[in-house]
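Observations on the model geometry
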Amino acid sequence: MRMLKLSVNLGERSYPISIASNVLSHVDEFEQIIANKRIVIVTNDVVAPLYLSTLIERLRNTDPLTYILPDGEQHKSLESFEKVNRFLLENNCGRDTLLIALGGGVIGDLTGFVAACYQRGVPFIQVPTTLLSQVDSSVGGKTAVNHPLGKNMIGAFYQPQAVFIDTNSLNTLPQREFAAGIAEVIKYGLIYDIEFFRYIEQNAQQLKELSSNHIEYIIERCCSIKAEIVAQDEKEAGLRALLNLGHTFGHAIEAQMGYGVWLHGEAVATGMVLACQLSAQRGYINESDVERVISLLEVFNLPVKAPAEMTCEQFISHMQKDKKNKQGVIRFILPSSFGRCELVEDVTHTELSELFTLHGR
């Protein structure tokens, strides 16, 4: 059994990332973290039948509590946040409580936000079960819920105690969810490591077939890049903003279309295409670079065109609420060259109108 171990280096808040098949059976840190804690597992009604009993068996000496939410992005909400807090209060959970987020990005973000707030902060660990959460959202301490007026608008930076990534969980992941995770994988190549982008291009078929060596490598590489960036810029003052490539456009799509109608990774895929096309308009990258990104996304059946029913004005309205904005200026992450990105503050409405004209808006 191959065990991959990384660390997010944040001084006294540093924590390990462990990657393996059946990972919880092979890591000593798990026993240390749960010792003398009251355990509460937060999961959803899709993940619970698949993995909850295995986790409870691993926790057999702790008598854990479990709260099961409905599946779906629409449940990453203040209402769900309140329900989980109420459950903790009704069960007299104190500051010795440890929350375990067992699920994808929705469960991880929501559970982390509850942990950040409940009794002014209790520890939590991430056990991500989707590719998107394994390569991105479980690492870095961004926790949040959505609001009808904006994605991830209510939350906190709050780091987990550890991240345990079980690659076996991808065997039960629907193909659409897997592809959504690949969008975030491709993002890492575009912002930080063009050789990694080439690796995805060259090994796309093996990834689609869930080749264990290839899957382990992309998870390790994405977590390594994110850990390196978070260690330098935990609260997104500068460098970490680059991780939002495609997200300014993508979050607008999610908010306008309704959370869960487009998966987050699908919206990010289209958002990356829009960002690359805007970059090409400005002469930063070539049209051939844009086509290369589109071609790779299409290999995984990801959407590359903005929703037909969404107007330029609707995009701009949502993007004006983006968390990267300053003094009312929409700030975009754009490729400055193929494999490198930068934060751009001077995009005009005229440029955006030209961009959306390409998409028939």
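Since we're looking at a predicted model, the values are computed, not measured.

To continue, consider the overall build of the protein chain. Within the protein chain, the secondary structure is distributed over 14 helices and 11 strands. In terms of overall size, the protein chain behaves like a compact globule, its C-alpha atoms giving a radius of gyration of 20 Å where 361 residues would be expected to give roughly 21 Å. Along the three orthogonal principal directions, the C-alpha set of the protein chain runs to about 60 × 40 × 35 Å. Within the protein chain, the fraction of its 361 residues that count as buried is 60%. Of the roughly 14700 Å² of accessible surface on the protein chain, 47% is carried by carbon and sulfur atoms. Side-chain charges of the protein chain comprise 32 positive and 42 negative groups, with the mean position of each set lying 4 Å from the other.

With that settled, consider helix α4 (residues 105-117). For α4, built from 13 residues, the straight-helix expectation of 18 Å at 1.5 Å per residue is met to within 8% by its first-to-last C-alpha distance of 18 Å. For α4, the buried fraction is high: 12 of the 13 residues fall into the buried class. Among all positions in α4, only G105, V106, I107, G108, D109, L110, T111, G112, F113, V114, A115 and A116 are buried. Positive phi shows up at Q119, right after α4, with a value of about 50°.

This paragraph deals with the layout of surface pockets. Taken as a whole, the largest pocket spans an internal volume of roughly 1100 Å³. The wall of the largest pocket is formed by 49 residues, among which G105, V106, D109, L132 and S137 lie closest to the centre. Elements that contribute at least two residues to the lining of the largest pocket include exactly α2 (48-58), α4, α5 (131-137), β7 (142-147), β8 (150-157), α6 (175-192), α10 (247-257) and α11 (264-281). Looking at the lining of the largest pocket, the element that brings in the most residues is β8, giving five residues. Counted by class, the lining of the largest pocket contains 14 nonpolar, 18 polar and 17 charged residues.

Attention now moves to the side chain of E216. Relative to the elements of secondary structure, E216 occurs in helix α9 (residues 212-232). Once residues lying within four places of it in the same chain are set aside, the contact partners of E216 are R2, L4 and T167.

Enumeration over the complete set of coordinates arrives at zero disulfides. Of all cysteine sulfurs in the structure, the one in C117 sits closest to C93, which takes part in no disulfide; the separation is 16 Å. Given the relative accessible area of 2%, C93 is considered buried.

With that settled, the discussion passes to the packing of α6 against α11. Between two packed helices, both the angle of their axes relative to each other and the distance between the axes serve to describe the pair. Contact pair α6 / α11: the axes reach a minimum separation of 7 Å and the direction vectors enclose 40°. Relative to α11, α6 is oriented oblique. Crossing of α6 over α11 shows left-handed handedness. Where α6 abuts α11, its residues R176, A180, A183, E184, I186, K187 and L190 lie against H264, G265, E266, V268, A269 and M272. The residue makeup of the contact of α6 with α11, split by class, is seven nonpolar, two polar and four charged.

When you line up the elements, F332 lands in strand β10 (residues 332-337). In this structure the C-alpha to C-alpha distance between F332 and A179, which are 153 residues apart in sequence, comes to 24 Å. Excluding anything up to four places from it in sequence, F332 contacts T248, F249, M319, E342, L343, V344, V347 and L352.

Bringing the side chain of R240 into the picture now. Among the secondary structure elements, R240 is positioned in the loop between α9 and α10. No salt bridge is formed by the buried R240, whose closest oppositely charged neighbour, E236, lies at an N-O distance of 4.5 Å. With sequence-adjacent residues up to four places away left out, R240 is seen in contact with V139, G140, G141, K142, F157, K226, I229, V230, D233 and E234.

Enumeration according to the criterion identifies 20 salt bridges in this entry. Of the charged contacts in the structure, one is a salt bridge between K83 and E79, with a shortest N-O distance of 3.4 Å. Of this pair, K83 and E79 both sit in helix α3 (residues 78-90), four residues apart, which is roughly one turn of that helix. Here K187 and D136 are joined by a salt bridge, their closest N and O atoms 3.0 Å apart. Of the two residues, K187 sits in helix α6 while D136 sits in helix α5, which places them 51 residues apart along the sequence. No difference in accessibility class separates K187 from D136, as the two residues are buried.

To continue, consider the nonpolar core. By size, the foremost hydrophobic cluster in this structure holds 84 residues, and its most contacted members are L131, I218, I219, F249, F315 and L352. If sequence neighbours within four positions are ignored, L131 has contacts with L170, L173, F178, G181, I182, V185, I218 and I219. V27, F30, Y51 and I125 belong to the second largest nonpolar core, which has 22 residues in total.

On to empty space enclosed by the protein. Following the criterion strictly, the structure yields three cavities of 30 Å³ or more and no others. Here the largest cavity defines a volume of roughly 90 Å³. Lining of the largest cavity is provided by 13 residues; of these, G150, K151, M153, H251 and H318 occupy positions nearest its centre. Those elements that provide at least two residues to the lining of the largest cavity are β8, α10 and α13 (312-319). Here the lining of the largest cavity gets four residues from one element, more than from any other, and that element is α10. For the lining of the largest cavity, a count of residues per class yields five nonpolar, four polar and four charged.

Scoring rules and cut-offs
Residues numbered from 1 in each chain as written. Predicted model: local features only at pLDDT ≥ 70, side-chain atom pairs only at ≥ 80, totals over all residues. Heavy atoms only, no water. Helix = DSSP H or I, 4+ residues; strand = E, 2+ residues; numbered from the N terminus. Rg over C-alpha atoms; globule rule 2.2 N^0.38 Å. Buried < 20%, exposed > 50% of the residue type's maximum accessible area, 1.4 Å probe, protein only. Areas by Shrake-Rupley, 256 points an atom, 1.4 Å probe, with all protein chains shown as cover. Lys, Arg positive; Asp, Glu negative; His and termini not counted. Charge placed at Lys NZ, Arg CZ, Asp CG, Glu CD. Expected span 1.5 Å × (residues − 1). 1 Å grid on protein atoms, 1.4 Å probe; cavity = no way out; pocket = protein on both sides within 12 Å on 5 of 7 lines; lining within 4 Å. Points joined across faces, edges and corners; volume = space filled by probe spheres on them. Nonpolar A, V, L, I, M, F, W, Y, C, P; charged D, E, K, R; others polar. Contact = heavy atoms within 4.5 Å. Disulfide = S-S within 2.5 Å. Axes fitted to C-alpha atoms, helices over the stretch in contact; angles between N-to-C directions. Parallel < 35°, antiparallel > 145°, perpendicular 65-115°, else oblique. Left-handed = near helix turned anticlockwise from the far one by under 90°. Salt bridge = Lys/Arg side-chain N within 4 Å of Asp/Glu carboxyl O. Core = buried A, V, L, I, M, F, W, Y, C linked by side-chain atoms within 4.5 Å.

It is worth stressing that arrangement in space is one thing and function is another; only the former is reported here.
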